[in-house]
Structures are given as C-alpha cells and as structure tokens.
Amino acid sequence: MIPTMTLRPFERVARDTTITRNPRFFGPEPDHYCPCGSRRKARSCHRAADHSWVAERPRPLITGERTGYANPNCYGRAGNDCSKSMTREHFISAHVLQQIRADDATIEIGGTTWIPAGESRAVGINALTSKILCARHNHALSPLDNVAGQYFEAMRLDAKSMMSQGRKGEFPCAFTMICGPMLELWLLKVLFGAVATESIRLADGAAYRFRLGVTTAQLTDILWRGQEWPSRWGLYVPTTPVTGPTRMLSTHIRFVSVGPEILGGGVMIAGLEYLIAFEPPNLPAIHRPAVITFQRRGYKNWKMAALCWPEQGHLPINVVSQRGRGEDSYSPPDDSVGVVDLGRRFGR
Ligand SMILES: [Zn+2]
Ligand SMILES: [Zn+2]
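Definitions and limits used
- Residues numbered from 1 in each chain as written.
- Chains lettered and ligands numbered in written order.
- Predicted model: local features only at pLDDT ≥ 70, side-chain atom pairs only at ≥ 80, totals over all residues.
- Heavy atoms only, no water.
- Helix = DSSP H or I, 4+ residues; strand = E, 2+ residues; numbered from the N terminus.
- Buried < 20%, exposed > 50% of the residue type's maximum accessible area, 1.4 Å probe, protein only.
- Contact = heavy atoms within 4.5 Å.
- Areas by Shrake-Rupley, 256 points an atom, 1.4 Å probe, with all protein chains shown as cover.
- Pairing = 2+ DSSP bridges.
- Salt bridge = Lys/Arg side-chain N within 4 Å of Asp/Glu carboxyl O.
- Phe/Tyr/Trp six-rings, centres within 6.5 Å; stacked < 30°, edge-to-face > 60°.
- Lys NZ or Arg CZ within 6 Å of the ring centre and 35° of its normal.
- Donors = N, O, S within 2.8 Å, 3.2 Å for Na, K, Ca; no water.
- Tetrahedral: all angles 85-135°; square planar, octahedral: opposite > 155°, others 65-115°.
- Disulfide = S-S within 2.5 Å.
- pLDDT = per-residue confidence, 0-100.
- Core = buried A, V, L, I, M, F, W, Y, C linked by side-chain atoms within 4.5 Å.
- Polar contact = N/O pair within 3.5 Å; in protein donor to acceptor, adjacent residues only side chain to side chain.

Asker: Explain the overall build of the protein to me, and be specific about the residues and the numbers.
Answerer: Broken down by element type, the protein carries five helices and 16 strands. For the protein, with 348 residues in total, the buried portion stands at 55%. Taking all contacts inside the protein whose residues are at least 6 apart in sequence as the whole, residues at least 24 apart take part in 74%. On the protein, roughly 15100 Å² of surface is accessible, and the fraction owed to carbon and sulfur atoms is 51%.

Written as structure tokens, this is what we have:
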C-alpha cells in the first residue's frame, strides 16, 4: 500500500552539486533540505516515502477557451486552437541545440524494431528548420524547452565530470531533479515536430504517420491541454546494455517505425536514450523511471537524476559504467555505458 502524501508543484529543474555521499542513501537525505529550495525537509516536500520524488501534475501549457481557428501550416491545428501568425523554429529548441552544438548531432532514420539496428541514415539537425507551429502553439512550449535544455545540460556536465576523472580521487556527487511530465512532453514535442516537418522520410519514400490509433488531435491535447496519456504510452528509458560504441557527448534522435507507421522515437543524450512510445516497446525499458543513478566502476560517488511524477511507485535505474580508473572514455570506441543494473532499490 502506497501512502498518500501532499503533492507540491515543481515545474522546473533543480540541481545540487554540493551534495555528499551518504552510505545509507542515494540522493538527498530525507531530513535534509529539499533540492527545490523550499527550505522544507525533503521528506515533507518532494521526496516520497518510497524514496522516489513526487510533484503535482504540471499545469496544462494552454488553458481557457480555444481560438476556434486551425492554422493550416501548424502541426497543432487539430486542436482548433491556433493563432494566425506562424513562427520559424527548430523543432529542437535553441537552448538544447546549444548543449549539443559541439557534438555530432544527428537524426537517425530507420529501424524497424525498438532494438537499435545498425542500418540508419543520419541527417544533420540544422537541416531541419521550418515553419511548423503558429505563434500561440509555439510560445506555449517554451517552458518545456527551458526544462529540457537545463536537464540535458546537467546530464552532459555529469557525464563529463564522471568520465574525465584520472587515476586518483573521486568525481563529485550531483543531484538533478526535474519535472518528469515536462520532460516527457518535450520529447513528444520533438517527435511530433520531426514528423510534421516531413523532411524525414523512410528509405522507401513512404511518408511518416503515427501508428494506427494515434491521432494528431489526441497528441495535440496531450501536449498543449494537459490531457492524460493513454496507459503505457509515454516516456521509456531502455535498460539494455548499450551495444557498440557509445559516444558520451553525442546526441541523436531515433525514430522507430514499421512500414510507414511511427511507433515512437527518442533522444539519446549522454549515453542514455529517452524514448516516447505509443505502445510498450519490445525491449527492456523502464516506463517513467523514478531516478536514474550513474556510477562508474572503481568509484564510490554517483550522479543522480530524479524525475518527479505525480504518484509514487516508479522504478529506479542504475547505470554503471565499466570504464575503470584511468581508462580514457573519450577515445572511440567508447562503450562506457555498459551495464544497467535493474531493480536495485536505492536507499535500502
Ligand atoms: Zn521540494
Ligand atoms: Zn497552432
């Protein structure tokens, strides 16, 4: 039985890089201040009894009456809630692009199952700009862009800090807390936008469409109007050991399709993939993970990301790099995210 608790709002990213390791707990201790800055103890703020992190469901991005206008050039037009003017934007926000600018950022096309296949085609992100949203729909998404940008920046800094350690010493612990539903919506936005640009086509030339049973009206209401996701849709983080080289500082977007139908897709950043799925993916993955802990063989400290959901009971993921001390993690081939150890409850 999961006890009920008061949910507090949290629609952003909070970070604590001064946190120290305690052998009894991963993450901030229940009796310490909550990382959100409320000056409450974590256990009476965002830390739940099961050691996951919880927050009130975020407010819908757009509330109130619909405009009744469907702008034919806007991918949110199914919501009948557009403005007349259009905007020009990357479907990946400028902030996130800044995080990945130095990287080899690519869009990977293809793959007929959820298991990443070798065959793919890469498209540069900068090729994918177009007018795809009306001003009203576009402006409403900026909180998601801010949250995702800060989160991915934190994950990249953490990966860099862990992997650039020499033979001696420890990397510092770090804790990052993010509103889980906002990260999930940002990923939906990226996927939705990438499809809407129609600049991405399958090898056989078939136009992308979402799989049968996924309507753009439904996705529009999930994204902008706070409609609940159907059960088992949404964010998944695969827990399979990464096969083949993983470049820690590379970013890519992958689409999962069967024929012309899109089953989902995801963003790979700092060695971990964040998938949006419209059905449970056929690979080992955790739906809406509670926390993602990053560790490295030979080190005691950790980096941790907590995703706040509006309920308890979500599962943790531990990612353990098998790169030992003094092993260079930047020279390819880099298999630094090698083992994912599931089910190990933190704080126990
Ligand atoms: Zn708090
Ligand atoms: Zn619109």
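After that view, the rundown keeps rolling.
Asker: Please set out the pairing of strand β13 (residues 291-296) residue by residue, giving values where relevant.
Answerer: When you tally the buried positions in β13, you get six out of six residues, the bulk of the element. Neither face of β13 is open: one carries Val291, Thr293 and Gln295, the other Ile292, Phe294 and Arg296, and all of them are buried. Looking at chain direction, β13 and strand β14 (residues 303-308) are connected through four bridges and run antiparallel. From the neighbouring strand, valine 291 faces β14, where its bridge partner is alanine 306. Counting the residues between successive antiparallel strands, the hairpin from β13 to β14 contains six residues, one of them, glycine 298, with a positive phi of roughly 90°.

Asker: How would you explain the pattern of salt bridges if you had to name every residue and give the values?
Answerer: Pairs can form between side chains of opposite charge once their charged atoms are near each other. Counted according to the given criterion, the structure contains nine salt bridges. Between aspartate 145 and lysine 189 there is a salt bridge, and its shortest N-O distance comes to 2.9 Å. Here aspartate 145, found in helix α3 (residues 142-163), pairs with lysine 189, found in helix α4 (residues 180-197); they are 44 residues apart in sequence, far enough to count as distant.

Asker: So, the packing of aromatic side chains: which residues are in play, and what are the values?
Answerer: All told, the structure shown has nine aromatic pairs when counted by the stated rule. Summarising the aromatic geometry, the rings of tryptophan 53 and phenylalanine 175 are spaced 5.1 Å apart at their centres and angled 50° between planes, so their arrangement reads as tilted. With tryptophan 53 in the loop between β1 (13-16) and β2 (86-90) and phenylalanine 175 in strand β6 (residues 174-179), this pair connects stretches of sequence that are 122 residues apart. Judged by relative accessible area, phenylalanine 175 falls into the buried class, the value being 0%. Within the aromatic cluster, the residues linked to one another by ring pairs are Tyr151, Phe152, Trp186 and Tyr274. For arginine 39, the ring lying beneath its charged end belongs to tyrosine 33, and the centroid distance is 4.2 Å. A cation over a ring is seen here: lysine 84 above tyrosine 69, with NZ or CZ 4.0 Å from the ring centre.

Asker: Talk me through the coordination of the zinc ion (ligand 1); I want residue IDs and the actual numbers.
Answerer: Looking at the zinc ion (ligand 1), the protein donor atoms are Cys34 (SG), Cys36 (SG), Cys45 (SG) and His46 (ND1), and they sit 2.0 to 2.3 Å from it. Angles of 104 to 116° at the metal separate the four donor atoms of the zinc ion (ligand 1), which places the site in the tetrahedral class. Within one chain, the residues serving as donors to the zinc ion (ligand 1) are arranged as C-x1-C-x8-C-H.

Asker: Tell me what's going on with the coordination of the zinc ion (ligand 2), and back it up with residues and numbers.
Answerer: As a benchmark, a tetrahedral metal site with four donors has ideal angles of 109.5 degrees, while an octahedral site with six donors has ideal angles of 90 or 180 degrees. With distances of 2.1 to 2.3 Å, the protein atoms coordinating the zinc ion (ligand 2) are Cys74 (SG), Cys82 (SG), Cys134 (SG) and His137 (ND1). Coordination at the zinc ion (ligand 2) is tetrahedral, judged from the four donor atoms that bind it and the angles of 101 to 116° they form at the metal. All donors of the zinc ion (ligand 2) come from a single chain, and their spacing in sequence reads C-x7-C-x51-C-x2-H. With a relative accessible area of 0%, cysteine 134 lands in the buried category.

Asker: Break down the state of the cysteines for me, citing the residues and quoting the values.
Answerer: Applying the stated criterion to the full structure yields zero disulfides. Cysteine 308 forms no disulfide, and the closest cysteine sulfur to it belongs to cysteine 179, at a distance of 7.1 Å.

Asker: If you had to explain the confidence of the model for the protein to someone new, which residues and values would you point to?
Answerer: Here the protein averages 79 in pLDDT, and 72% of its residues register 70 or above. At the level of individual helices and strands, the protein shows its lowest average pLDDT in strand β16 (residues 339-342), which scores 35, and its highest in β6, which scores 97. Per-residue pLDDT stays below 50 along residues 100-104; that stretch engages in eleven contacts with residues further than four places along the chain or on separate chains. Note on residues 331-348: pLDDT is under 50 here. Beyond four places in sequence and across chains, it has 57 contacts.

Asker: For unusual backbone geometry, give the residues involved together with the corresponding values.
Answerer: Excluding glycine, a negative phi dihedral is what most residues carry, and trans is how most peptide bonds are arranged. At histidine 51, a position not held by glycine, the phi torsion is positive, near 70°. Position of histidine 51 among the secondary structure elements: in the loop between β1 and β2. Of note in this structure, arginine 288 is not a glycine but carries a positive phi near 45°. Mapping arginine 288 onto the fold places it in the loop between β12 (285-287) and β13. Note on arginine 288: relative accessible area 17%, which makes it buried.

Asker: Give me the nonpolar core: which residues, what numbers.
Answerer: Among the nonpolar cores identified, the biggest contains 80 residues, and Tyr151, Tyr274 and Phe278 are the most heavily contacted of them. With eleven residues, α4 is the single largest residue contributor to this core. Apart from the residues within four sequence positions on either side, tyrosine 151 is in contact with Val13, Thr176, Ile178, Leu183, Tyr274, Ile292, Ala305 and Leu307.

Asker: Could you give me a rundown of helix α5 (residues 216-225), with the residues and numbers involved?
Answerer: Burial analysis of α5 places eight of its ten residues in the buried class, which makes it a mostly covered element. Inspection of α5 places Gln218, Leu219, Thr220, Asp221, Ile222, Leu223, Trp224 and Arg225 among the buried residues, and these make up the whole buried set.

Asker: Provide a residue-level description of the side chain of histidine 46, including the pertinent values.
Answerer: As for its position among the elements, histidine 46 is in the loop between β1 and β2. The exposure class assigned to histidine 46 is buried, which follows from its relative accessible area of 1%. In this structure the side chain of histidine 46 is engaged in a polar contact, spanning 3.5 Å, whose partner is the backbone oxygen of arginine 8. Setting aside residues no more than four positions away along its own chain, histidine 46 makes contact with Arg8, Pro9, Phe10, Cys34, Cys36, Ser52, Trp53, Val54, Ala55 and Met177.

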